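As a plain string of letters, each chain reads:
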Amino acid sequence: MAPIRLQKYFTDCGVMSRRAAEEQILLGKVKVNGIIASVGDTVEPGIDKVEFNGKIIIPMTEENVCIMLNKPRGYVTTMADERGRKNVSELVKDVKTRVYPIGRLDMDSDGLLLLTNNGALANKLTHPRHEIPKIYRINVKGIPTAEQLKHLGSEMKIDGYKILPVKVEVVSRARTADEASVLQMTLYEGRNRQIRKMCDAVGLKIRRLTRISIGKVSLGSLSSGKWRRLTKKEIDYLMNDKEN
């Protein structure tokens with residue numbers, strides 16, 4: 001696709017008018033491939049990465065694609081990494097349409113990661129009012145005490161912010177302090193390394209952290225490092241933005 005003016009890119013993506021885009025560019029709120037943009041810059045849709053206020057602006061295409069990836073540990077949730085680390089783009093090379101991650105899983109975590117070229121879906125799932133919970137399985141060293149579990153499920157402050165209540169369930173308990181217990185945690189927000197910081201706060205050491213579902217969209221038997229397309233029913237469910 002031929003390069004187009006950055007302002008036109010925003011209108012083509014249905015984000016804002018050209019005049020409004022020009023104002024935001026002048027305010028330094030737009031980046032192209034990680035560099036603050038200037039009025040008059042051009043971009044190639046589907047090739048260049050355009051960000052507004054830290055969010056990737058995805059071009060509209062004739063076909064909306066949303067896939068589920070079972071991200072392995074050791075991969076960063078970016079489509080390119082300036083430090084040369086393994087990133088999720090390497091795992092979705094055979095997706096015919098360029099897709100972008102919705103949210104993040106930190107490098108040491110694994111499990112369900114959604115990627116899409118559907119800007120409306122991406123914006124909905126990253127909106128602060130997004131209501132669909134994210135569910136994680138956490139292997140922690142030893143046997144959590146009743147007090148630790150109570151603390152995890154009560155009001156906590158992380159990085160000075162009071163997080164929303166988290167549902168905590170014990171899937172299995174270790175028999176000795178050297179073994180691992182398995183917890184399941186349900187979150188309605190996804191702050192940076194939130195579960196790891198919560199467990200640190202109560203003195204629990206995480207051995208493995210896996211996202212197993214986003215609401216009713218479940219990882220299931222998808223193998224590590226593999227991806228599949230979401231069904232229409234799954235996409236409709238996510239777009240509806242309701243858990244019930």
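Everything quoted here is computed from the prediction, not taken from an experiment.

Cut-offs used in this document
- Residues numbered from 1 in each chain as written.
- Predicted model: local features only at pLDDT ≥ 70, side-chain atom pairs only at ≥ 80, totals over all residues.
- Heavy atoms only, no water.
- Pairing = 2+ DSSP bridges.
- Helix = DSSP H or I, 4+ residues; strand = E, 2+ residues; numbered from the N terminus.
- Buried < 20%, exposed > 50% of the residue type's maximum accessible area, 1.4 Å probe, protein only.
- Arc of directions from axis to C-beta.
- Contact = heavy atoms within 4.5 Å.
- Phe/Tyr/Trp six-rings, centres within 6.5 Å; stacked < 30°, edge-to-face > 60°.
- Lys NZ or Arg CZ within 6 Å of the ring centre and 35° of its normal.

Asks: Explain the pairing of strand β10 (residues 134–141) to me, using residue names and the numbers behind them.
Replies: Two elements, β10 and strand β14 (residues 180–187), share eight bridges in a ladder whose sense is antiparallel. Note on β14: the bridge partner recorded for Lys-141 is Ala-180. The pairing of β10 with strand β15 (residues 206–214) spans seven bridges and is classified as antiparallel. Bridging from a neighbouring strand, Ile-138 pairs with Leu-209 of β15.

Asks: Lay out helix α4 (residues 146–153) in plain terms, naming residues and giving numbers.
Replies: Those residues of α4 lying buried are Gln-148, Leu-149 and Leu-152. The buried residues of α4 occupy one face: seen down the axis, they fall within an arc of 95 degrees. With respect to the buried face of α4, the exposed residues turned more than 90 degrees away are Ala-146, Glu-147 and Lys-150. Structurally, α4 contributes buried residues whose contacts are with β13 (167–172), β14 and α5 (194–202).

Asks: I'd like a description of the packing of aromatic side chains, backed by residues and values.
Replies: One pass over the full model with this rule turns up two aromatic pairs. Between the aromatic rings of Tyr-9 and Phe-10, the centroid separation amounts to 6.4 Å while the plane-to-plane angle is 90 degrees, which identifies the pairing as edge-to-face. Residue class for Tyr-9 comes out buried when judged on its relative accessible area of 2%. On the numbers, 6.1 Å between centres and 85 degrees between planes, the contact of Phe-10 with Phe-52 is edge-to-face. Taken together, the residues span a long stretch of sequence, with Phe-10 in helix α1 (residues 6–12) and Phe-52 in strand β5 (residues 50–52) at a distance of 42 residues. Grouping residues by exposure puts Phe-10 and Phe-52 together as buried. Cluster of aromatic residues (ring-pair linked, three or more members): Tyr-9, Phe-10 and Phe-52. One residue, Arg-191, lies across the ring of Tyr-161, its end atom 3.4 Å from the ring centre.

Asks: Give me α5: which residues, what numbers.
Replies: Looking at α5, one finds that the buried residues are Gln-194, Ile-195, Arg-196, Met-198, Cys-199 and Val-202. Those residues of α5 hidden inside the fold are in contact with β10, α4, β11 (157–158), β14 and β15. Downstream of α5 by one or two residues, Gly-203 has phi in the positive range, about 80 degrees.

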